[in-house]
Amino acid sequence: MADTIVKIENLVKRYKDLIALDHLDLEIKQGEVFGLLGPNGSGKSTTINCLLSLLAFDKGNIEIFGKKMTPDNYEAKRNIGIIMQNVAVFDELTVIENIDYFCGLYIKDKEERRKCVQDAISFTELHDFTKFYPKKLSGGLLRRLNIACGIAHKPKLIILDEPTVAVDPQSRNKILEGIQKLNEDGATIIYTSHYMEEVEQICTRIAIMDKGRKIAEGTKDELKKMIKNTETVSVEISAVPDDILEKIGTLPHVYSACFIGGKLEVKCSGGKHNLIRILNVLQESDLHFGRVFSELPTLNDVFLEITGKALRDSD
Amino acid sequence: MFLHNLKYDFLQNIRARSLMLWLILFPIILGTFFKLAFAGIYESTTVFSAVPVAVVENGSNQIFREVMAQISEGDDALFETEYTDEETALKMLEERKISGIIYVDEKLSMAVAPDDTGSSAESIRRTIIKSFVEQYNAQQSIIVDTALHSPAKLPDVISMMSESSECNENVPLTNGNPDNMLSYFYNLVAMVALLGSNLGLSIAISSQGNLSDIGARKCCSPTNKLVSIISSMVSCIAVQTVCIIISVSFLAFVLKVDFGSKLPMVYLAGSVGGMAGVSFGFAVGSIGRMGLGAKSAVTTAFSLICCFFSGLMIGNMKAIVDNYAPWFNEINPAAVISDSLYCLNFYDDYTRFTQKIVTMLIMTVIFTAIGFFLTRRRKYASL
Ligand SMILES: Nc1ncnc2c1ncn2[C@@H]1O[C@H](COP(=O)(O)OP(=O)(O)OP(=O)(O)O)[C@@H](O)[C@H]1O
Ligand SMILES: [Mg+2]
C-alpha cells in the first residue's frame, strides 16, 4: 500500500449561502496522477485552494505528507509545486528570470537553483524563449512558462488547476505528456480539469465532482463499470419515423433511443451485437443513413448518468 | 533569500517603464510649464519700495541701529523700521502690517509670516529681509571692526552692504523668479513624492493571495512573507528616491529654481516625503479587494487632492485652508512636504524643518504598519 500524500476529510466551504464544498473526502496516494473532474463551478479550484491553506474553510481536516496543513507548514509547502488556473508570472521579468524568481522562493543554493532552472526550461522546451517577456509569448508558451515556474524546484506533489485552458491541441498534448513524465520521475500529481478526454488520458484515479460534492471515484474503468451504459450507437440519418424509433427502443439491451439533430442515438447496456441489430432495423425499413459510430462509454456518460446532465455543454 | 527577492523587485520596478516615466516626466514637464508660465510676469511690474519690518532687540546694539538707520533713509530706503517688543511685533506680523521681524542678538535672526498670501510682492519683501539678515550676519565682524576702529568708513561699508543686498534681489527679480513661485515648485516635489504611492501599491497587491495570482503563488511558497514585503518596500523606496533626486536636480540645476542654500536637505525632505508616499500606497493597496487599476486611481486622485489643497494649482490655497481648517495643513502630506521645503529656505534654524520631517516619518510608520498588519495574513475567506 503506497503512502498517503494528501488526505482531505469532511471538507466544507461556504460562501455566504452557497456551499462550494459539501463534506468532501479525498485521499491521494504516492505516485498517482489523481484527476479532479467536474463542470465549471463544481468546486475544483476551491478544493485546491483549501488544500494549499490559501482559503479558510468552515469545517474539515487536511493533511499533506502526513501532517496537518497550515499556512506555516513550510516543510509541506517546500515540496508542493502549484500551477494555478490563471497564469501568474511577472510581466516585467523575462522567461528565465521568472522561473529563477519563483524557484528562488524554494531553493536558496545558487548552484542548485541554476540547475533546476535549466531543467525546467528543457522540460517545458522554452530554450528559444528564455529572454522573452511574457507579453511576447503565445498562449501555449505562456502556459508552459506558468508550468515551469511551478515545477522548477522539483516538488514531490504537483498540483495543476486546469493548466490547459485556452491552449491549442498540440500544445495541450505536450503539456499532458510532460505531466506524465513528471509522474514517471516520481512526483504525485493532482490534476483538475473539465475536459474529460484529458483526465481519461493521463489520470490513474479520478474523482468526479459536482456542486461541491464528490459523486464518484475510481479508475476510469471502475467508473465506467458503475453505470449501465456500455455502448452508444449513433447514426447520421435525415429522419426516423416514430414507429421505427419505437421499434429500436424495444430491441434487446437497448434502454434509450432518440433522434436529435440529424442523428439517431441509441444507448445500450450489455449485449454484443447491438450495432448490427440496429442497422438491420434501419435497413428493413429502407432508410438511408450516413456515418455510423459505436462508442464505448466516456466519463461524460458516467457524469450524465449520475447527475442527469452533461458534463459540459458541448463546447 | 532577501537579496534574491530584492534583485527581482528592483528589476520589476525599473522595468515598469510607464510608472518610472510618469514619476520622472511629470515633474519635468510640469516644472518647465511653471517656469515658462511665470517667466516675465514680474519683470516689470514690481515697484521697489521700502519693506516694513519690526526690530526686536535683546539689549541695545548701537552698531546695528546705525546700520539700520543708514539703510532706512532716502528714497531708496531698504526698510521701514519700527523698534518694538516681541509681542507687538508678532501681532503686527499677524495683522500683516509688517513683512517680517528682525531679532537682534549676538547674531541676527528673522521671522516671517507663513507663506500663504500667494502675493508676489510679499514674497519679494521676505526675500529682501532674509538676504539682509544673511548679509549682516556674514559681515558682522567687518561692520563691528569698522565701527570700532574707523567709524568714518562705516557709511561706505553699509552702503556696500545694502547695495549687495539689493543686488541679491535684482537677479531673481529680473529672472522672473520671486520666491512665491517657489511654492509651486515645492508642491511639485510633494506631488512626485506622493505619486510614489503607485509604486507602493504593487507591494501589497503582489503579496496578497486574494488580490493577485502572483500573490497566491507567493503565499504557497515556503518563503516568509515578511521577507518579500520588506524587500519590495526597500526597492520601491530606493526607486522613488532616485526619481525624487532626478526631479529636484532637474528643478534646481536645469530650471534654476532657487531652493536656497541647503540643497542636500531638499533632497532629504523629498526622499522622506517619497517614503511617506510609497508607504501610503502600500497601505491603500492592502485595504479592500479592488484591483490594481481602481486602487491606482484612488492613490493618484488622493495625491492630486492633497496637492490641490497645498497649492499646486492655486497658489494661495494653503492660506485658505489655514483659515478654515488649520489642522488640515498639519496632516496633509503634500502640505507637510512643501512646508518642509519652505522652512528650509526661510528659517535659519532647523526646528520647523525637523518637525515636518518627523511628521512625514510618523506618517510613513503609520501607513507601513497598516500595510503590514493587513498583508501578513496568509489564509483568506475568499479568493
Ligand atoms: N470568492 C467567491 N465568492 C463567492 N463564491 C465563490 C467565490 N469563489 C468561488 N465561488 C463559487 O464557488 C463555487 C466553486 O467554484 P470553483 O472556482 O471552485 O469552481 P471550479 O470547479 O474550479 O470551476 P472552473 O472549472 O470554472 O474553474 C462556484 O459556484 C463559484 O461561483
Ligand atoms: Mg477552477
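Quick caveat, the model's predicted, so the values are computed rather than measured.

## Remarks on the overall build of chain B
And step 1. For chain B, the helix and strand inventory stands at 16 helices and 4 strands.
And step 2. Contacts in chain B between residues far apart in sequence, at least 24 positions, make up 74% of those at least 6 positions apart.

## Let's talk about the confidence of the model for chain B
Residue and element names in this part refer to chain B.
And step 1. Residue-level pLDDT values for chain B average 82, and 89% of them are 70 or greater.
And step 2. Throughout residues 42-46 the model reports pLDDT below 50, and contacts reaching past four residues in sequence, or to other chains, amount to 10 contacts.
And step 3. Scoring of the predicted complex yields 0.75 for pTM and 0.84 for ipTM.

## Some details on the packing of helix 8 (residues 197-205) of chain B against helix 11 (residues 263-286) of chain B
Residues and elements named next belong to chain B.
And step 1. Remark: helix 8 packs on helix 11, axes separated minimally by 6 Å, with the N-to-C direction vectors making an angle of 40°. For the element pair helix 8 / helix 11, the angle class is oblique. Here helix 8 runs over helix 11; the crossing is right-handed. On helix 11, the residues touching S197, G200, L201, I203, A204 and I205 of helix 8 are G277, V278, F280, G281, F282, V284, G285 and S286.
And step 2. Across the contact of helix 8 with helix 11, the residue classes tally to 8 nonpolar, 6 polar and no charged.

## Some details on unusual backbone geometry
All names here are of chain A.
And step 1. Positive phi, normally seen in glycine, also occurs at K154, with a value near 55°.
And step 2. In this structure, K154 sits in the loop between helix 5 (139-151) and strand 7 (157-161).
And step 3. Under the relative-accessibility criterion, K154 is labelled partly exposed at 49%.
And step 4. Here the phi dihedral of K211 falls at roughly 50°; this positive angle occurs in a residue that is not glycine.
And step 5. Among the secondary structure elements, K211 is positioned in the loop between strand 9 (205-210) and strand 10 (213-218).

## Quick notes on the coordination of the magnesium ion (ligand 2)
Ideal geometry at a metal gives 109.5 degrees between four tetrahedral donors and either 90 or 180 degrees between six octahedral ones.
And step 1. Within the protein, the magnesium ion (ligand 2) binds to S45 of chain A (OG) and Q85 of chain A (OE1); these donor distances fall in the range 1.9 to 2.3 Å. Taken as a pair, S45 of chain A in helix 1 (residues 44-51) and Q85 of chain A in the loop between strand 6 (80-83) and helix 3 (95-104) lie far apart in primary sequence, 40 residues in all.

## With respect to the domain arrangement of chain B
And step 1. On domain assignment, one finds that chain B holds domain 1 (2-39 + 180-376) and domain 2 (46-162).
And step 2. Spacing between the C-alpha centres of domain 1 of chain B and domain 2 of chain B amounts to 38 Å.

## Quick word on the site of ligand 1
And step 1. Around ligand 1 sit 15 residues, and of these G41, K44, S45, T46 and E162 of chain A come closest.
And step 2. Neighbouring residues of ligand 1 are not confined to one chain but are distributed across chains A and B.
And step 3. In this structure, an oxygen atom belonging to ligand 1 sits 2.9 Å away from a main-chain N or O atom of G43 of chain A.
And step 4. Contacts to ligand 1 include Q85 of chain A, whose side-chain N or O atom sits 2.9 Å from an oxygen atom.
And step 5. When ligand 1 is considered free in solution it has 630 Å² of accessible area, and contact with the protein chains removes 68% of it.
And step 6. When residues of the shell around ligand 1 are traced back to their parent elements, those giving at least two are strand 2 (18-29) and helix 1 of chain A.

## Quick look at helix 16 (residues 351-375) of chain B
And step 1. For helix 16 of chain B, spanning 25 residues, the distance from its first C-alpha to its last is 36 Å, which sits close to the expected 36 Å at 1.5 Å a residue.
And step 2. Where helix 16 of chain B is buried, its residues meet helix 8, helix 10 (225-254), helix 11, helix 14 (326-331) and helix 15 (333-346) of chain B.

## Thoughts on the domain arrangement of chain A
And step 1. Segmenting chain A into domains produces domain 1 (4-220) and domain 2 (231-296).
And step 2. Once you take the C-alpha centre of each, domain 1 of chain A and domain 2 of chain A turn out to be 42 Å apart.

## Focus: the interface of chain B and chain A
And step 1. On the side of chain A, 38 residues touch chain B, which itself brings 26 residues to the contact.
And step 2. Where chain B abuts chain A, roughly 3,100 Å² becomes buried across the two surfaces, and 60% of that area is made up of carbon and sulfur atoms.
And step 3. Applying the counting criterion to the chain B and chain A interface returns 1 salt bridge.
And step 4. Residues E97 of chain A and R15 of chain B are paired through a salt bridge, measuring 2.6 Å at the closest nitrogen-oxygen approach.
And step 5. The interface formed by chain B and chain A includes 17 residue pairs in polar contact (both at pLDDT 80 or more).
And step 6. Mapped by element, the contributors of at least two residues to the side of chain B that touches chain A are helix 1 (2-15) and helix 9 (213-220) of chain B.
And step 7. Residue composition of the side of chain B that touches chain A, grouped by class: 12 nonpolar, 7 polar and 7 charged.

## Some details on the layout of surface pockets
Residue and element names in this part refer to chain B.
And step 1. Its boundaries defined by the atoms lining it, the second largest pocket holds a volume of some 620 Å³.
And step 2. Secondary structure elements with two or more residues in the lining of the second largest pocket: helix 1, helix 2 (17-38), helix 8, helix 9, helix 10 and helix 12 (292-309).
And step 3. For the lining of the second largest pocket, the element with the most residues is helix 8, which contributes 6 residues.
And step 4. Grouping the constituent residues of the lining of the second largest pocket by class yields 11 nonpolar, 10 polar and 5 charged.

## Regarding the nonpolar core
And step 1. Core analysis: the biggest nonpolar cluster contains 88 residues, and F64, M68, F79, I102, F132, L251 and F259 of chain B have the highest contact counts within it.
And step 2. For this core, the leading source of residues is helix 7 (residues 180-195) of chain B, giving 13 residues.
And step 3. Among the domains, domain 1 (2-39 + 180-376) and domain 2 (46-162) of chain B are the pair contributing at least three residues each to this core.
And step 4. Residues within four places of F259 of chain B in sequence aside, it is in contact with Y186, V189, V248, L251, A252, V266 and N345 of chain B.
And step 5. Counting residues in hydrophobic clusters, the runner-up holds 57 residues, among them C50, M84 and A88 of chain A together with C219 of chain B.

## Some words on a nonpolar patch on the surface
Residues and elements named next belong to chain B.
And step 1. Where nonpolar side chains cluster on the molecular surface, the patch consists of F2, L3, L226, I230 and V234 and spans about 430 Å² of accessible area.
And step 2. In terms of residues, the nonpolar patch owes the most to one element, helix 10, which gives 3 residues.
And step 3. Note that V234 resides in helix 10.
And step 4. A residue is classified by how much of its surface remains accessible, and V234, at 38% relative accessible area, is partly exposed.

## Some remarks on the sheet that holds strand 11 (residues 231-237) of chain A
Whenever strands of a sheet pair, they do so through backbone hydrogen bonds, lying parallel or antiparallel.
Residues and elements named next belong to chain A.
And step 1. Strand order in the open sheet formed by 4 strands is 12-13-11-14, and the pairing between neighbours is antiparallel. The open sheet terminates on both sides in strands that have one partner only, identified here as strand 12 (254-260) and strand 14 (289-295). On average, each strand axis in the sheet is tilted by 15° relative to the strand beside it, whichever way the strands run.
And step 2. Examined bridge by bridge, strand 11 and strand 13 (residues 263-268) share 6 bridges and lie antiparallel to one another. Within strand 13, the position partnered with E236 by the bridge is K263.
And step 3. Docked against the sheet, helix 10 (residues 274-284) engages strand 11, strand 13 and strand 14, running at close to 30° with respect to strand 11.

## Some details on the side chain of N345 of chain B
All names here are of chain B.
And step 1. Within the secondary structure, N345 is located in helix 15.
And step 2. In this structure N345 comes out as buried when scored by relative accessible area, which is 6%.
And step 3. One polar contact links N345 to Y186, side chain to side chain, over a distance of 3.1 Å.
And step 4. If we skip the residues at most four places from it in the chain, N345 touches K130, L182, Y186, D258, F259 and G260.

## Looking at the packing of aromatic side chains
And step 1. Applying the stated rule across the entire model yields 19 aromatic pairs over all chains.
And step 2. Look at F34 of chain B and F185 of chain B: their rings are 5.9 Å apart centre to centre, the planes differ by 85°, and that puts the pair in the edge-to-face class. Of this pair, F34 of chain B sits in helix 2 while F185 of chain B sits in helix 7, placing them 151 residues apart in sequence.
And step 3. Overall, the relative accessible area of 1% leaves F185 of chain B in the buried class.
And step 4. Through pairs of rings, three or more aromatic residues link up here, namely F90, Y101 and F102 of chain A together with Y8 of chain B.
And step 5. Sitting over the ring of Y195 of chain A, R172 of chain A keeps its end group 4.3 Å from the ring centre.
And step 6. Sitting above the plane of the F102 of chain A ring, R217 of chain B keeps its charged end 5.0 Å from the centroid.

Conventions used here
- Residues numbered from 1 in each chain as written.
- Chains lettered and ligands numbered in written order.
- Predicted model: local features only at pLDDT ≥ 70, side-chain atom pairs only at ≥ 80, totals over all residues.
- Heavy atoms only, no water.
- Helix = DSSP H or I, 4+ residues; strand = E, 2+ residues; numbered from the N terminus.
- Contact = heavy atoms within 4.5 Å.
- pLDDT = per-residue confidence, 0-100.
- Axes fitted to C-alpha atoms, helices over the stretch in contact; angles between N-to-C directions.
- Parallel < 35°, antiparallel > 145°, perpendicular 65-115°, else oblique.
- Left-handed = near helix turned anticlockwise from the far one by under 90°.
- Nonpolar A, V, L, I, M, F, W, Y, C, P; charged D, E, K, R; others polar.
- Buried < 20%, exposed > 50% of the residue type's maximum accessible area, 1.4 Å probe, protein only.
- Donors = N, O, S within 2.8 Å, 3.2 Å for Na, K, Ca; no water.
- Domains from an automatic or database assignment.
- Near = heavy atom within 4 Å.
- Polar contact = N/O pair within 3.5 Å; in protein donor to acceptor, adjacent residues only side chain to side chain.
- Areas by Shrake-Rupley, 256 points an atom, 1.4 Å probe, with all protein chains shown as cover.
- Expected span 1.5 Å × (residues − 1).
- Buried area = accessible area lost by both parts, 1.4 Å probe.
- Salt bridge = Lys/Arg side-chain N within 4 Å of Asp/Glu carboxyl O.
- 1 Å grid on protein atoms, 1.4 Å probe; cavity = no way out; pocket = protein on both sides within 12 Å on 5 of 7 lines; lining within 4 Å.
- Points joined across faces, edges and corners; volume = space filled by probe spheres on them.
- Core = buried A, V, L, I, M, F, W, Y, C linked by side-chain atoms within 4.5 Å.
- Patch = residues over 30% accessible without salt bridge, like charges linked within 9 Å, V, L, I, M, F, W, Y side chains within 5 Å.
- Pairing = 2+ DSSP bridges.
- Phe/Tyr/Trp six-rings, centres within 6.5 Å; stacked < 30°, edge-to-face > 60°.
- Lys NZ or Arg CZ within 6 Å of the ring centre and 35° of its normal.

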